[in-house]
Structures are given as C-alpha cells and as structure tokens.
Amino acid sequence: MRHSAFDAIDHNAPIHKLNHYGIRILALDWFSSSVMDLQQYTFFKGNSSEEPTLTCGVLQGSVLGPLLFIIYINDMPKWLRSATAIIFHISIKH
C-alpha cells in the first residue's frame, strides 16, 4: 500500500498549528471540518467495506492536503538540532 507523508499526521496537529499561526474561529472551523470525521470505504463487485472514521491524513486529491502539510512542516528546521533541513519549492509551468 502506498502512503504519502501526510497520511501519518494526526488530524489535530495541523489544526493546532493553524491556531498557533493566528487562524481563528470560522476559518479554523472550516479547516477542521475538511479533515476531521472523514470516513473511507471500499466498494468492489457489489460489496462495501466498513466505514471507519479516519484520524490521520486528508482526502486524496484534495487542495487542502498539500497546504496543510506545508503549514505543518514550515518550522521544521527549528526542531532539528543535529541535522540541516532544506524546505523545497516546486515550480509548476502552465
């Protein structure tokens, strides 16, 4: 099974980080509602799996996933004591 880096981050972590950066009330509620209480299931040949509530990650293909991940890792270089972090930038040409 293939996982992205954001699949392992608890939903509460980026929400706390947004609050730390000053995102409040309506905007914070909007971000929270986009990642909290998500459910996932598989449907194959007429059969459905259970629908567990997800506690980590975001919907695949969402616009918010990369944004929340960048917000989450933004201050990562401050955490590191014995290593150097290089935060990258990807340029997309139209």
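Residues numbered from 1 in each chain as written. Predicted model: local features only at pLDDT ≥ 70, side-chain atom pairs only at ≥ 80, totals over all residues. Heavy atoms only, no water.

1. Looking at the confidence of the model for the protein
Should the pLDDT be low somewhere, the predicted coordinates at that spot are not to be read in detail.
Working step 1: When pLDDT is averaged along the protein, the result is 78, and 83% of the positions lie at 70 or above.
Working step 2: Ranking the helices and strands of the protein by mean pLDDT puts strand β2 (residues 47-48) first, with 94, and helix α4 (residues 76-79) last, with 77. (pLDDT = per-residue confidence, 0-100. Helix = DSSP H or I, 4+ residues; strand = E, 2+ residues; numbered from the N terminus.)

2. A word on helix α1 (residues 12-20)
Working step 1: For α1, the full list of buried residues reads Pro14, Ile15, Lys17 and Leu18. Looking straight down α1, one finds that the buried residues subtend no more than 160° of arc, so they occupy a single side. Residues of α1 that are exposed and point over 90 degrees away from its buried face: His16 and His20.
Working step 2: One or two residues past the end of α1 sits Gly22, with phi positive at roughly 100°. (Buried < 20%, exposed > 50% of the residue type's maximum accessible area, 1.4 Å probe, protein only. Arc of directions from axis to C-beta.)

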